[in-house]
Amino acid sequence: KQEVTQIPAALSVPEGENLVLNCSFTDSAIYNLQWFRQDPGKGLTSLLLIQSSQREQTSGRLNASLDKSSGRSTLYIAASQPGDSATYLCAVGGGSARQLTFGSGTQLTVLP
Amino acid sequence: ETGVTQTPRHLVMGMTNKKSLKCEQHLGHNAMYWYKQSAKKPLELMFVYNFKEQTENNSVPSRFSPECPNSSHLFLHLHTLQPEDSALYLCASSQEIIGVYEQYFGPGTRLTVT
């Protein structure tokens with residue numbers, strides 16, 4: 001059974017810092033990995049999707065990497081802003097379940 | 001409207017009530033999903049529909065009954081719920097499930113069972 005772990009559970013940084021969120025998964029037989037953002041009480045917004053054949057994806061200030069062999073992904077946020085404050089969720093797709101398996105998320109607070 | 005919409009956004013119901021959650025996607029997708037998000041727990045997949053056929057039921061209690069009349073609409077019928085069923089219920093859609101395409105989520109329905 002796929003298990004997804006996100007570390008840290010919560011992170012607080014001053015505005016302008018670069019930061020890294022971590023995601024690890026136990027079953028490397030995946031199709032893809034998605035990073036989502038969730039604001040309090042709201043739905044999920046897809047940030048980046050990395051296919052299993054890719055090593056990284058970039059969108060604006062966000063860069064996500066994928067290392068299937070070690071079962072790890074990182075989300076790098078450059079020059080953080082207070083508007084980046086949210087919960088960031090990592091989800092792994094595929095494997096034997098052919099489903100998305102989510103981590104518990106990292107709650108990010110960027111202080112002005 | 002675009003994307004994935006859900007109604008109602010908030011619902012309070014007693015344990016003896018019957019209610020339904022509605023999800024509609026305007027993306028031309030063929031797969032739709034129901035997820036449950038409880039406090040301090042990861043999202044839990046409940047049901048998966050692909051081309052209107054249910055393909056996954058992750059041991060969900062029978063008090064939750066899904067319905068998918070067409071590829072654009074998905075319902076979750078609720079009856080005789082328990083307080084522990086209070087959660088955010090999220091609907092999502094994707095092009096297909098094979099290969100696990102990118103999923104797009106609705107804003108969710110916040111359900112409170114009293």
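Coordinates for the structure precede this section.
All of the points below concern the structure found in this document. These figures come from a predicted structure and were not determined experimentally. (Residues numbered from 1 in each chain as written. Chains lettered and ligands numbered in written order. Predicted model: local features only at pLDDT ≥ 70, side-chain atom pairs only at ≥ 80, totals over all residues. Heavy atoms only, no water.)

**A closer look at the side chain of Q6 of chain B**
Residue and element names in this part refer to chain B. How we decide: Starting at the N terminus, helices and strands are each numbered in turn, a helix being any DSSP run of H or I of at least four residues and a strand any DSSP run of E of at least two. N or O atoms closer than or at 3.5 Å make up a polar contact, with two conditions inside protein: a donor-capable atom paired with an acceptor-capable one, and, for residues adjacent in sequence, both atoms drawn from side chains. Every residue pair with non-hydrogen atoms within 4.5 Å of one another is taken to be in contact.
Structurally, the position occupied by Q6 is in strand β1 (residues 4–7). Engagement of the side chain of Q6 in a polar contact is seen with the backbone oxygen of Y89, the distance being 3.0 Å. Here C91 takes part through its backbone nitrogen, which lies 3.0 Å from a polar atom of the side chain of Q6. The contact partners of Q6, leaving out residues within four places of it in the chain, are K22, C23, W34, Y89, L90, C91, G106, P107, G108 and T109.

**Some words on the pattern of salt bridges**
All names here are of chain A. Put simply, the rule is: Here, a salt bridge means any Lys or Arg side-chain nitrogen found within 4 Å of an Asp or Glu carboxyl oxygen. Think of it in three bands: residues with accessible area under 20% of the maximum for their type are buried, residues over 50% are exposed, and the middle band is partly exposed, with areas taken using a 1.4 Å probe on protein chains only.
One pass over the structure, following the stated rule, counts 4 salt bridges over all chains. R61 serves as the salt-bridge partner of D84, at 2.8 Å between the closest nitrogen and oxygen. Placement of the pair is D84 in the loop between β8 (72–77) and β9 (86–94) and R61 in the loop between β6 (56–59) and β7 (62–67), with a sequence separation of 23 residues. What makes R61 partly exposed here is its relative accessible area of 29%.

**Remarks on the pairing of strand β1 (residues 4–7) of chain A**
A regular strand places its side chains so that they alternate between the two faces of the sheet. All names here are of chain A. Stated formally: The pairing criterion for strands is at least two bridges between them, as found by DSSP.
Side chains V4 and Q6 project from β1 onto a buried face, and the interleaved T5 and I7 project onto a face without burial. Direction of pairing for β1 relative to strand β3 (residues 19–25): antiparallel, over a ladder of 4 bridges. Looking at β3, one finds that V4 is bridged to F25.

**Some points on the sheet that holds strand β3 (residues 18–25) of chain B**
All names here are of chain B. Stated formally: Helix axes use the C-alpha atoms of the stretch in contact, all axes being lines fitted to C-alpha atoms, and the angles between their N-to-C directions lie in the range 0 to 180 degrees.
What the 4 strands build is an open sheet, ordered β1-β3-β8-β7; its pairing is antiparallel. Every other strand in the sheet has two partners, leaving β1 and β7 (64–70) as the edge strands with one partner each. Between one strand and the next, the sheet's axes are offset by a mean angle of 20°, whatever the strand orientation. By the bridge criterion, 7 bridges tie β3 to strand β8 (residues 73–79) in an arrangement that is antiparallel. Note on β8: the bridge partner recorded for E24 is H73.

**What to know about the sheet that holds β7 of chain A**
Residue and element names in this part refer to chain A. Overall, antiparallel pairing links the 5 strands, which are arranged β1-β3-β8-β7-β6 in an open sheet. The sheet terminates laterally at β1 and β6, the two strands that pair on one side only. Strand-to-strand twist across the sheet, computed as the mean angle between neighbouring axes with direction ignored, equals 15°.

**Considerations on the environment of Q103 of chain B**
Turning to its location among the elements, Q103 of chain B is positioned in the loop between β9 (87–94) and β10 (104–105). Along the chain, Q103 of chain B and Y33 of chain B lie 70 residues apart, while their C-alpha atoms are 9.1 Å from each other. With residues near it in sequence (within four places) discarded, Q103 of chain B still touches Q34, F36, S46 and L100 of chain A together with Y33, Y35, A92, S93 and S94 of chain B. Within the local environment of Q103 of chain B, its side chain forms a polar contact with the side chain of Y35 of chain B, the two groups lying 2.8 Å apart.

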